[in-house]
Amino acid sequence: MLRTPTARVLDEGDEPAVRRLLATDPVAACVIAGRVEAAGTAATSLGAPLWGFGAGRSLEAVCLAGANLIPFALPGAERAAVAAFAERARRAGRRCSTIVGPAATVEPLWALLEPSWGPARDHRPRQPLLAIEGPPAVAPEPRVRPVRPSEVEVLLPAAVAMFTEEVGVSPLRVDGGAGYRARVADLVRAGQSLAWIERGEVLFKAEIGAVSRSACQIQGVWVAPAHRGRGIGTAGTAAVVEYARTAIAPVVSLYVNDFNAAARASYARVGFTEVGRFASVLF
């Protein structure tokens, strides 16, 4: 009888192997890598279990099982790894709001989990992963700057509008928005939230939502509806790229829905090129 591959919860002794695995693709692994660099690999310090797949201390795949379920695997190891992760996820029950990561792992993982976890509220199987190394190809908007801690309340309505527009539900629906507000404030304090604010109005905003030593990931790009179609998104994103690559990490990335033609064209003008493909399942 063939045994189903199994995954185990990693501990601090696995950190060197985890780092070696994530270093094989720093852009695709940026979110997990940033968490590991900040907190290690023990569940108590990470705040969520990190599952591993491989023989002994050698690893072919990992999956961070927190508020987001984020799998990452070496090319060729995806099928066996997701079978192991799906088995553990089914036993634990769904605790995440999103499955997100490289499409080569997310898609087969969701195929195994959908019968017990489905249906999803939204499934986005094709999200180009883009990256840029070096200066942007267009002039950055000079009025885009890090948001000050005193401006969190000014920023918050724009952040809520972006989240609702992108995800399809309001972040205020859970705990009255306390958790989301805390996340926005944390990014501001860390210098990872940038905006163009004029007379108390946010015209453009974006966050550098994930940071590792090798790469960072831009999230939450948003232009106020009344100011769209004027190139603000392109110049604003260029400003975020310039800030991120000089102050945070040498490679700047983001992922975008394949159907968002306007955003994809804007990012191409900034100088982003496609380096992979992500997928997301939203609950």
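Structure report, in brief.

It is worth spelling out the pattern of salt bridges at this point. The final tally for this structure, using the stated rule, is 18 salt bridges. Among the ionic pairs, E37 bridges to R213, the shortest N-O distance being 3.9 Å. Residue E37 is located in helix α2 (residues 30–39), and its partner R213 is located in the loop between β9 (201–211) and β10 (215–223); the two are separated by 176 residues in the primary sequence. Classification of E37 by relative accessible area gives partly exposed; the value is 26%. The shortest N-O distance in the salt bridge between D122 and R124 comes to 2.8 Å. One network of salt bridges, in which partners are shared, links E87, R90 and R91.

Of the residues making up helix α9 (residues 261–270), those classed as buried are A263, S266, Y267 and V270. Within α9, the buried residues cover an arc of 95° as seen down the axis, which keeps them to one side. Considering only its buried residues, α9 is in contact with β6 (122–133), β10, α8 (232–247) and β11 (251–255). G271, located one to two residues past α9, shows a positive phi value of around 120°.

Here the focus is the packing of helix α4 (residues 78–92) against helix α5 (residues 103–117). The contact between α4 and α5 brings their axes to 9 Å, and the two run at 35°. The interaxial crossing formed by α4 with α5 has right-handed handedness. When α4 is examined against α5, the residues E78, V82, A83, F85, A86, A89 and R90 are found in contact with a partner set consisting of A104, T105, P108, L109, L112, L113, S116 and W117. Of the residues assigned to the contact of α4 with α5, the class counts are eleven nonpolar, two polar and two charged.

Rules used in this analysis
Residues numbered from 1 in each chain as written. Predicted model: local features only at pLDDT ≥ 70, side-chain atom pairs only at ≥ 80, totals over all residues. Heavy atoms only, no water. Salt bridge = Lys/Arg side-chain N within 4 Å of Asp/Glu carboxyl O. Helix = DSSP H or I, 4+ residues; strand = E, 2+ residues; numbered from the N terminus. Buried < 20%, exposed > 50% of the residue type's maximum accessible area, 1.4 Å probe, protein only. Arc of directions from axis to C-beta. Contact = heavy atoms within 4.5 Å. Axes fitted to C-alpha atoms, helices over the stretch in contact; angles between N-to-C directions. Left-handed = near helix turned anticlockwise from the far one by under 90°. Nonpolar A, V, L, I, M, F, W, Y, C, P; charged D, E, K, R; others polar.

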